[in-house]
Amino acid sequence: MSLTKVSYSMITGAVANILDYGAVADYNENIPGSGTDNSAAIQAAVDAVNAKSTNGAVYIPAGAYKILTAISVPYGVSIFGDGGTASVLHAEGCNGLNFTTFGYSIGSMFYEDFGLTAATGTNFAAVQSINVPALVTQDGLNFNRMRFYGWNQCFILATTWNTNISYCRAENINNFVSLAQSNGQAVIVKLTNNLAVYAAGGNGTGNKYAIDILGTTSFTESVQLLQNGFYGFQICINVSQATYVNIVDNDLSASVKAIAFVTSVGGYNIVNNYIEVSGSGTGIFGAAQGSETTDTRTNIQNNYFIGTATAAIGIQLNTVAATYQWNATIRDNTFTGFASQDILLYSPGKSLVDNNRCMSTAPTNSIYVGPVLGSPVILTNNYCRKALYVDVATDYTDGKLILQNNVENNTFQATKQSAAPSTGTWRVTDVVMNSAPATGQPAGWVCTVAGTPGTWKPMANLA
């Protein structure tokens, strides 16, 4: 007995096959303008599914389909195909999918295994959530194993809650995901195992950022960026303001900044990332805030930074003229190949810099600490191939800046010796204890004039 494959259209209550609504897979991607306009046929399949009381799914069989008008996707309708490079919608002069109706219920729609290509036109988006009316959410969108090519932007999501984007691939694009436009708030968004490559860029004028988290009126809340690869963008991850962001286990390559952020309410966690910076760029840049956000906590830990060519700085917090990027923990990171500094702290406050390996050999200073505005700032156990520079010496002598057990200029300066130091660079109030204490001998020595090795005076003799 032989088995005959049946189509979805032959099964009562099954998904809607776009071929049953007149779609024709006759587009030749090497000949722009070729083939049938399938916009109306695909929209008819979507509308038919939407007419069901329980909604359902639309199936795109393998093939290349031209559309001239974006497909309007109502809340509750899912779409799937036979693979990101098998089932492809080629958009000429239009968006790909527009989400135009919304729902507060716990939705679980899926859009997977098909591709969206910007064949012609500029400044279009593959997927756009259009926020009308304002402050109404699109809840429960799941994008899986999709392929995007040639777009100005792949995802524009506003007031979109409980969204997952996973295992998607994007190439020749300007912007992969843009969250929380000025008219809405994105909440609980997870991006996992995606690959986005700028390459030659997309057709449009959008910012060359892989991830752009905006939010000019509302904070984006709870964003998880896990195990993604973003390559060739000016900025891989740009966050203007957000509440609770996890950036973990990503592979990032950028020409200006790999990660840039401003306001971190509730904490940013930047951990275990591989960060490569070309040009004259910066690995992680924390821009100054207008005032201290007391519940802010930024954790930058166990990242590996590589600077190529003339890449300037591994981590920079604040700028010369502005401050309040405070409350940071910079710990267990490794730096190599940077030209200016591995770690640059302008006007720091209430921060800990601990156990970093600053291995770049080109800078004059491995770590640069500007005037401390919010004490204390603590630097401990860092390994510096070059100098650890303190801009205001009195920050150290006054106790605003605490330095302990750091290796400077590739040399460890022991805090226990049998005599006053005769080598190394020391600061006023540095103390070296006597490693062979005896009655009538000094308990240690204190540096009274900074220098190499500086001027040292004995402390009180032991009784």
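This text goes with the structure placed above it.
Below, the structure is looked at part by part. (Residues numbered from 1 in each chain as written. Predicted model: local features only at pLDDT ≥ 70, side-chain atom pairs only at ≥ 80, totals over all residues. Heavy atoms only, no water.)

**So, the overall build of the chain**
What the chain contains, in helices and strands, is 2 helices and 44 strands. Radius of gyration (C-alpha) of the chain: 28 Å, far over the 23 Å computed for a compact globule of 463 residues. Projected onto its principal axes, the C-alpha positions of the chain cover 105 × 50 × 40 Å. Relative to its 463 residues, the chain shows a buried fraction of 53%. In the chain, the share of contacts with a sequence separation of at least 24, taken over all contacts with a separation of at least 6, comes to 65%. When the accessible surface of the chain is totalled, it reaches about 18,400 Å², and 53% of it is carbon and sulfur. Considering the chain, the positive charge centre built from 19 side chains and the negative charge centre built from 26 side chains are found 9 Å apart. (Helix = DSSP H or I, 4+ residues; strand = E, 2+ residues; numbered from the N terminus. Rg over C-alpha atoms; globule rule 2.2 N^0.38 Å. Buried < 20%, exposed > 50% of the residue type's maximum accessible area, 1.4 Å probe, protein only. Contact = heavy atoms within 4.5 Å. Areas by Shrake-Rupley, 256 points an atom, 1.4 Å probe, with all protein chains shown as cover. Lys, Arg positive; Asp, Glu negative; His and termini not counted. Charge placed at Lys NZ, Arg CZ, Asp CG, Glu CD.)

**Looking at the nonpolar core**
Of all hydrophobic cores here, the largest spans 96 residues; its most connected members are Phe-148 and Phe-176. With 8 residues, strand 22 (residues 229-248) is the largest single contributor of residues to this core. Excluding residues within four positions of it along the chain, Phe-148 makes contact with Leu-116, Ala-126, Val-127, Cys-154, Phe-155, Cys-168, Arg-169, Ala-170, Glu-171 and Phe-176. If you look at the next biggest cluster of nonpolar residues, it comprises 5 residues, including Trp-426, Trp-445, Cys-447 and Trp-456. (Core = buried A, V, L, I, M, F, W, Y, C linked by side-chain atoms within 4.5 Å.)

**Let's talk about the sheet that holds strand 41 (residues 416-417)**
Hydrogen bonds along the backbone pair up the strands of a sheet, which may run parallel or antiparallel. With respect to topology, 4 strands assemble into an open sheet ordered 41-42-43-44, the strand pairing being mixed. Taken across any chain shown, the strands that pair with only one partner, and hence form the sheet edges, are strand 41 and strand 44 (455-458). For strand 42 (residues 431-434) and strand 43 (residues 444-449), the ladder comprises 3 bridges, and the chain directions are antiparallel. Residue pairing across strands places Met-433 opposite Gly-444, the latter belonging to strand 43. (Pairing = 2+ DSSP bridges.)

**Describing the environment of Asn-333**
Among the structural elements, Asn-333 can be located in the loop between strand 29 (328-331) and strand 30 (334-336). Taking relative accessible area as the criterion, Asn-333 reaches 0% and is therefore assigned buried. As a C-alpha pair, Asn-333 and Tyr-304 span 29 residues in sequence and 6.0 Å in three-dimensional space. Beyond its immediate chain neighbours, meaning those up to four positions away, Asn-333 contacts Ile-300, Gln-301, Asn-302, Asn-303, Phe-305, Ile-315, Asn-355, Asn-356 and Arg-357. Here Arg-331 takes part through its backbone oxygen, which lies 3.2 Å from a polar atom of the side chain of Asn-333. (Polar contact = N/O pair within 3.5 Å; in protein donor to acceptor, adjacent residues only side chain to side chain.)

**Side note on unusual backbone geometry**
In the segment running from Ser-375 into Pro-376, the intervening peptide bond is cis, with an omega of 0°. A cis geometry characterises the amide bond from Thr-452 onward to Pro-453, with omega recorded as 5°. Phi angles above zero are rare outside glycine, and Asn-123 is one such case at about 60°. Of note, Asn-123 is situated in the loop between strand 9 (115-120) and strand 10 (125-129). Using a relative accessible area of 40% as the deciding quantity, one classes Asn-123 as partly exposed. Unlike most non-glycine residues, Ser-222 shows phi in positive territory, near 60°. Inspection of the secondary structure assignment puts Ser-222 in strand 21 (residues 220-226).

**Comments concerning the environment of Asp-37**
In this structure, Asp-37 sits in the loop between strand 1 (16-17) and helix 1 (39-50). For Asp-37, a relative accessible area of 37% corresponds to the partly exposed category. Each C-alpha atom of the pair Asp-37 and Gln-224 lies 38 Å from the other, and the pair is 187 residues apart in sequence. Not counting residues within four places of it along the chain, the set of residues in contact with Asp-37 comprises Lys-66, Ile-67 and Leu-68. Only 2.6 Å separates the side chain of Asp-37 from the side chain of Ser-39, close enough to count as a polar contact.

**Some words on helix 1**
Spanning 12 residues, helix 1 covers 16 Å between terminal C-alpha atoms, matching the ideal 16 Å at 1.5 Å per step. Packing partners of the buried residues in helix 1 comprise strand 1, strand 2 (56-60), strand 3 (63-67), strand 4 (71-73), strand 5 (77-81) and strand 6 (87-92). (Expected span 1.5 Å × (residues − 1).)

**Re the environment of Phe-176**
Note on placement: Phe-176 falls in strand 17 (residues 175-179). With 198 residues separating them along the chain, Phe-176 and Gly-374 place their C-alpha atoms 37 Å apart.

**Overview of the packing of aromatic side chains**
Applying the stated criterion to the full structure yields 17 aromatic pairs. Relative to Phe-155, the ring of Phe-143 lies with its centre 4.9 Å away and its plane at 70°, an arrangement referred to as edge-to-face. Here Phe-143, found in strand 12 (residues 141-144), pairs with Phe-155, found in strand 14 (residues 153-157); they are 12 residues apart in sequence, far enough to count as distant. With a relative accessible area of 0%, Phe-143 lands in the buried category. Each residue in the set Phe-99, Tyr-111, Phe-143, Phe-148, Phe-155, Phe-176 and Phe-230 is aromatic and connected to the rest through ring pairs, giving one cluster. Against the face of Tyr-383 rests Arg-357, its NZ or CZ located 4.9 Å from the ring centre. (Phe/Tyr/Trp six-rings, centres within 6.5 Å; stacked < 30°, edge-to-face > 60°. Lys NZ or Arg CZ within 6 Å of the ring centre and 35° of its normal.)

**Some thoughts on the pattern of salt bridges**
Any two side chains of opposite charge can pair, so long as their charged atoms come close to each other. Here the structure, examined in full by the defined rule, presents 4 salt bridges. Here Glu-112 makes a salt bridge to Arg-145, at a shortest N to O gap of 3.5 Å. Placement of the pair is Glu-112 in strand 8 (residues 109-112) and Arg-145 in the loop between strand 12 and strand 13 (147-149), with a sequence separation of 33 residues. A relative accessible area of 39% means that Arg-145 is categorised as partly exposed. (Salt bridge = Lys/Arg side-chain N within 4 Å of Asp/Glu carboxyl O.)

**Digging into the pairing of strand 28 (residues 313-317)**
For strand 28, the buried fraction is high: 5 of the 5 residues fall into the buried class. Relative to strand 28, strand 25 (residues 282-286) is paired through 4 bridges, and the arrangement is parallel. By the bridge assignment for strand 28, Phe-285 is matched with Gln-316. Examined bridge by bridge, strand 28 and strand 31 (residues 341-345) share 4 bridges and lie parallel to one another. Bridge pairing links Ile-313 to Gln-341 in strand 31.

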